[in-house]
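An overview of the molecular structure
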Amino acid sequence: MAALRAEGELVEVEVPADTYLEIPEVHRRVIAAGGPALLFKNPKGAGFPLVTNLFGTKKRVDMAFGPRPVQFVERTVAMAHELLPPSVGKLWANRDWIQQGLKVGMKQGSKGPVTQVVDTPPGLDRLPMLHSWKEDGGHFITLPLVYTEHPDNGSHNLGMYRIQRYDDRTTGMHIQIVRGAGAHLHIAEERGQDLPTTIFVGGPPALILSAIAPLPENVPELILASLLQGERLARCDNPAGPHPLVANAEFALVGRVAAKERRPEGPFGDHYGYYSLTHDFPVFHCDALCYRKDAVFPATVVGKPRQEDFFLGDYLQELLSPLFPLVMPTVVDIWSYGETGYHSLAGAVVKDRFPREAMVSAFRILGEGQLSLQKFLLMTDAPVDLKDFRATFEAVLARCDVRTDLYVFANLSMDTLDYTGPGLNKGSKGVLIGLGEPKRELPREFRGELPRGASASVFCGGCLVVGGPPFEQDPAFAEQLFHLTDWPLVVLVDDAEEATRSVPRFLWTTFTRFEPAADIHAQSTAHRHHLVYQQPIVIDARMKPGYPGELFCDPDTARTVSQRWKEYFPEGGVEMGDSDVGHLD
């Protein structure tokens, strides 16, 4: 925070403000305007100050990590090729890189700042956890760093699973599928044992990035944290539990996840821009609260993109992208789109040296850790910048043959936070491939006929967006668009003008509101157990019954924050953004 103060990137809020809805709305309005980090010095009813929006711009993410981690990873990938076969000369020429590698790891001490105060009972009601949205089930730790160890070999996992406070010593723990803590808990529960667990809050920024990194299951996150900060990670003895503690964390909640115990958790307004609903999840029992004498509680607020998690997620992709070709040789580049919640859409540039080699890459990507949760995958061998979504989309649409290049895989697992499927963690996946030279000139202007009451807007070459009636009124309306054969892809939405207002808005509206097996429509025939589709492919991305509600600030909170804005920022200089739009338009 000292560095942020020096750069004018931190503003202190002296007046009391409520962790129930008020502070989260202040945060959302500030981040929507690209504003500073916020230190709330007097959160109502709490015993500690609260800081939010630490990583809410690219500049602040760069300040937190600097160029060294990316440079080190790029150099590591290069060394994997250049040092083979190894020789004394090669090793000597790269001794600076080897010296950096020797700094990676952990160091153990008896005490650390995090153990300056140890409270038993923990008194979790003193922590300024946030109740971010009106329909949320309670107050949550939104930047938790959940540390567990394998019951057999002691290998560790550091993950970020939201924590809902039930009372002053118990919480829910939203452990999702394809997460390391879930594997550890599964083993412990099979033996009828509780799982010792520590929840860190705050500390080196590298911990947060490591906890959300999609690392393979057996790669230790604390090693990545050490690499990111350029030195060994300091740990200290735990006065209340079996795990070593991260010495420089602000807080450590020490306890256990009880075997076979489940309680309702949620709802929670999440980073897809909708509520995730109430389901039974594991329960964490806190035995002790360890913290610094001057501890500050860090938090974030998630909602419609782009929020703080977007800037961290994109930095993480930049950091890890050089590694993908090393572990997946047929994949040249890969990018997940944060505007879709990251797991709803990814694009990949792949090699296609023999017929359908691209599908080798597709199966490799969809079988790799958290990448396996991707709902839809766009693939091409064209030399395109995947961050430029319009260019990527057009490259695929110009090259795909929908008769052979669209694959839909039903009855699979899906991200826990995606409610477009038939049930929790259930859904399907789609892969669309566009290879070789362009097969068509893409249409860029619409002149055709539409059904009565429909409207149309062109998003990009080859993609027509049609606004139609609500799904409840006409579930089969997509079939009335099959005559638009000039267009490879038609996206059916509730409001075509709004959906095409910007690239982020199109990504969010389209890919968070459809499930491939249920909502892709086209005329088709079956050949060799493959559906041969006819152009156009119609994606029905309208809101549907059973989808959770879109996140909006409630009127009372919006009015309170508007009225108090000058109280929060009496010196001015902090712009008030539109939290309901965020960065979508």
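Read on for a plain summary of the structure. (Residues numbered from 1 in each chain as written. Predicted model: local features only at pLDDT ≥ 70, side-chain atom pairs only at ≥ 80, totals over all residues. Heavy atoms only, no water.)

For the rest of this paragraph, the subject is the pattern of salt bridges. Using the criterion set out here, one finds 33 salt bridges in the structure. D287 is the partner of R256 in a salt bridge, and the nearest nitrogen-oxygen pair spans 2.8 Å. Of this pair, R256 sits in strand β14 (residues 251–265) while D287 is found in strand β17 (residues 279–291), placing the two residues 31 residues apart along the sequence. Relative accessible area serves as the criterion here: at 37%, D287 is assigned to the partly exposed category. Where E339 meets R306, a salt bridge forms, and the shortest distance between an N and an O atom there is 3.0 Å. Placement of the pair is E339 in the loop between β19 (331–336) and β20 (346–350) and R306 in the loop between β18 (297–299) and α10 (308–320), with a sequence separation of 33 residues. According to the relative accessible area criterion, R306 is partly exposed, its value standing at 26%. Put simply, R5, E12, E14 and K41 are held in one network by salt bridges that share partners. (Salt bridge = Lys/Arg side-chain N within 4 Å of Asp/Glu carboxyl O. Helix = DSSP H or I, 4+ residues; strand = E, 2+ residues; numbered from the N terminus. Buried < 20%, exposed > 50% of the residue type's maximum accessible area, 1.4 Å probe, protein only.)

This part covers the pairing of strand β10 (residues 170–173). Burial along β10 is two-sided: the face carrying T170 and G172 and the face carrying T171 and M173 are both buried. Here three bridges tie strand β9 (residues 163–165) to β10, and the two strands are oriented antiparallel to one another. Paired with I163 across the strands is M173, a residue of β10. The hairpin formed by β9 and β10 contains four residues between the paired strands. Pairing geometry for β10 and β17, over three bridges, is antiparallel. Its bridge partner being in β17, T171 is matched across the sheet by F284. (Pairing = 2+ DSSP bridges.)

A few words now on unusual backbone geometry. For the peptide bond that leads from T120 to P121, omega is 0 degrees, which places it in the cis range. Turning to its location among the elements, P121 is positioned in the loop between β5 (117–119) and β6 (140–141). That bond from Q535 to P536 is cis: its omega, 5 degrees, falls within 30 degrees of zero. Residue position: P536 is located in the loop between β29 (530–533) and β30 (537–540). The phi dihedral of L21 falls on the positive side, at around 70 degrees, and the residue is not glycine. You can see L21 is positioned in the loop between β1 (10–13) and α2 (22–32). If you check the backbone angles, N425 has positive phi at about 70 degrees while not being a glycine. Here N425 is to be found in the loop between β22 (406–413) and β23 (426–434).

This next bit is on the packing of helix α8 (residues 205–212) against helix α9 (residues 221–229). Their axes nearest at 8 Å, the elements α8 and α9 cross at an angle of 135 degrees. The orientation of α8 with respect to α9, classified from their angle, is oblique. In the packing of α8 onto α9, the handedness of the crossing is right-handed. Across from A206, L207, L209 and S210 in α8, the residues of α9 making contact are E221, L222, L224, A225, L228 and Q229. The residue inventory of the contact of α8 with α9, partitioned by class, reads seven nonpolar, two polar and one charged. (Axes fitted to C-alpha atoms, helices over the stretch in contact; angles between N-to-C directions. Parallel < 35°, antiparallel > 145°, perpendicular 65-115°, else oblique. Left-handed = near helix turned anticlockwise from the far one by under 90°. Contact = heavy atoms within 4.5 Å. Nonpolar A, V, L, I, M, F, W, Y, C, P; charged D, E, K, R; others polar.)

Burial of the side chains of strand β8 (residues 156–159) extends over both faces: H156 and L158 are buried on one face and N157 and G159 on the other. Across four bridges, the pairing between strand β7 (residues 144–149) and β8 is antiparallel. Looking at β8, one finds that V146 is bridged to G159. Here β7 folds back onto β8, and the loop between the two strands holds six residues, one of which, G154, carries a positive phi near 80 degrees.

L158, F200, L207, L209, L245 and L319 are the most contacted members of the largest nonpolar core, which totals 49 residues. Sorting elements by how many residues they give to this core places α10 first, with seven residues. Setting aside anything within four residues of it in sequence, one finds F200 in contact with L143, P144, L145, Y147, L158, P244, L245, V246, A249, F251 and A252. Within the second largest apolar cluster, 42 residues are counted, among which are M129, F284, W565 and V574. (Core = buried A, V, L, I, M, F, W, Y, C linked by side-chain atoms within 4.5 Å.)

Now for the side chain of E339. On the basis of relative accessibility, which here comes to 7%, the residue E339 falls in the buried class. Once you skip the residues sitting within four places of it in the chain, E339 turns out to touch P305, R306, F310, P504, L507 and W508.

Here the focus is helix α7 (residues 180–190). Those residues of α7 that fall on the buried side of the exposure criterion are G180, A181, H184, L185, I187, A188 and E189. Residues of α7 that are buried sit in contact with β7, β8, β11 (195–201), β14 and β17. At the exit of α7 stands G192, carrying a positive phi of roughly 70 degrees.

Here we come to the packing of aromatic side chains. If you walk through the whole model with that rule in mind, you get 25 aromatic pairs. For the pair F251 and F297, a centre-to-centre distance of 5.6 Å together with 65 degrees between the ring planes defines the contact as edge-to-face. With F251 in strand β14 and F297 in strand β18, this residue pair connects regions lying 46 residues apart in the sequence. Neither F251 nor F297 differs from the other in exposure class; each is buried. An aromatic cluster of three or more residues is present, and its members are Y337, F376, F389, F393, F459, F506, F511 and F514. The lysine or arginine in question, K304, covers the ring of F552, its NZ or CZ lying 4.0 Å from the ring centre. Lying over the aromatic face of F514, K375 brings its terminal NZ or CZ to 5.4 Å of the ring centre. (Phe/Tyr/Trp six-rings, centres within 6.5 Å; stacked < 30°, edge-to-face > 60°. Lys NZ or Arg CZ within 6 Å of the ring centre and 35° of its normal.)

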